[in-house]
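The chain contents come next:
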Amino acid sequence: QNWQMPVNSATPKDVESFGRYAHEHPLFTAFIETGLPEPRKTTDFISTQRFQRLGIYNEFFRPVGTDRQLLTGLPVSSTLTLVLSLNRRKRDFTESSRDLLTMLRPHLIAAYQNAEAFSLLNLQCTQLEVALEDSAGGAILLDAEGQVRLVTAQARRWLVGYFDSPHGGARELPEELAAWIAHHTDKGSPDTPLAPGSPLEKVRPRGRLQVRLLSDDLTGCFILLMQEDIAISAREIETLGLTKRQAEILYWVALGKTQS
């Protein structure tokens, strides 16, 4: 694949011709052997007159309108080296042009690697969001500063139902949940610290919500995993043949409460 500026300056037929005659390129062997760690001109290896007698010039460079090149390799990974090619016609590149490209080269490599990392992160976030949305639970992704970056649809519904959050956590977390996170991440000074790893539980008549906090030490991000247990009413339990008192006990046990 190749990237062209101006866009479409070479037709698919031109690109096919280049591939067929690439072995004739004056810098072909140098790139294979060294990866062109320093910018090199075609005229470093061959005169313009000899270059214009080659098949690669007549089948590719002449149709696209160039006969001078300045190239350098960009090793963006252990298995991939890109080639950056600057092109001119009739006027060769100067040593100042070579020096400028030499200075720009590490920045171009870093820019490509950053763009690749960002694209991968976006892909991973999309895949994570899809996986979380498809699961029976809910999830909230927080960055290292505690800012909300992702709230699944199920998590929004539970935030509204259990925490009375007006926006479902899309803008900021409910105060109770934010304080609980602060306790677990040493960002607050609670009078009674919670035990590490203990989930936050919220109970309402028809269910119980558990919220667990997971952290990524590498990125500093946090994920809140949410799971709801639906409880049936004491009256529904009583229909199974239990006494009213037995049904009430089982009902409260199901919600995580104990009898004194």
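Throughout what follows, the structure given in this document is the object of discussion.

Definitions and limits used
- Residues numbered from 1 in each chain as written.
- Predicted model: local features only at pLDDT ≥ 70, side-chain atom pairs only at ≥ 80, totals over all residues.
- Heavy atoms only, no water.
- Pairing = 2+ DSSP bridges.
- Helix = DSSP H or I, 4+ residues; strand = E, 2+ residues; numbered from the N terminus.
- Patch = residues over 30% accessible without salt bridge, like charges linked within 9 Å, V, L, I, M, F, W, Y side chains within 5 Å.
- Areas by Shrake-Rupley, 256 points an atom, 1.4 Å probe, with all protein chains shown as cover.
- Salt bridge = Lys/Arg side-chain N within 4 Å of Asp/Glu carboxyl O.
- Buried < 20%, exposed > 50% of the residue type's maximum accessible area, 1.4 Å probe, protein only.
- Contact = heavy atoms within 4.5 Å.
- Axes fitted to C-alpha atoms, helices over the stretch in contact; angles between N-to-C directions.

1. A closer look at the sheet that holds strand S3 (residues 81–88)
Then comes step 1: As summarised here, the arrangement of the 3 strands in space is S1-S2-S3, forming an open sheet in which the pairing is antiparallel. With one partner strand each, in any of the chains shown, strand S1 (40–41) and S3 form the two edges of the open sheet.
Then comes step 2: Bridging between strand S2 (residues 68–75) and S3 involves 8 bridges; their strand directions are antiparallel. Considered in S3, the bridge of leucine 71 is made with serine 85.

2. Observations concerning a nonpolar patch on the surface
Then comes step 1: There is a patch of nonpolar side chains on the surface, built from Leu100, Met103, Leu104 and Leu108 and spanning about 360 Å² of accessible area.
Then comes step 2: You can see methionine 103 is positioned in helix H5 (residues 95–134).

3. Remarks on helix H4 (residues 55–64)
Then comes step 1: Here H4 has its buried residues at Gly55, Ile56, Tyr57, Phe60 and Phe61.
Then comes step 2: As for H4, its buried residues are in contact with helix H1 (12–21), helix H3 (48–51), S2 and S3.
Then comes step 3: Count one or two residues on from H4 and you reach glycine 65, which has phi positive near 85 degrees.

4. Thoughts on unusual backbone geometry
Then comes step 1: Even without a glycine there, the phi angle at leucine 36 is positive, about 50 degrees.
Then comes step 2: Relative to the elements of secondary structure, leucine 36 occurs in the loop between helix H2 (28–34) and S1.
Then comes step 3: On the basis of relative accessibility, which here comes to 3%, the residue leucine 36 falls in the buried class.
Then comes step 4: Positive phi outside glycine occurs at lysine 90, with the angle close to 70 degrees.

5. Focus: the sheet that holds strand S8 (residues 222–230)
Then comes step 1: Judged by pairing direction, the sheet is antiparallel, and its 5 strands sit side by side in the order S5-S4-S8-S7-S6 without closing on themselves. Both outer strands of the open sheet, strand S5 (148–151) and strand S6 (200–204), are each paired with one neighbouring strand and no more. Going from strand to strand, the sheet's axes swing by 15 degrees on average, the running direction of each strand aside.
Then comes step 2: The sheet contact formed by S6 and strand S7 (residues 207–215) spans 5 bridges and is antiparallel. Bridging across to S7, lysine 202 finds its partner in leucine 209.
Then comes step 3: On top of the sheet, helix H7 (residues 175–184) reaches strand S4 (138–142), S6, S7 and S8; it is set at about 40 degrees to S7, its chief contact.

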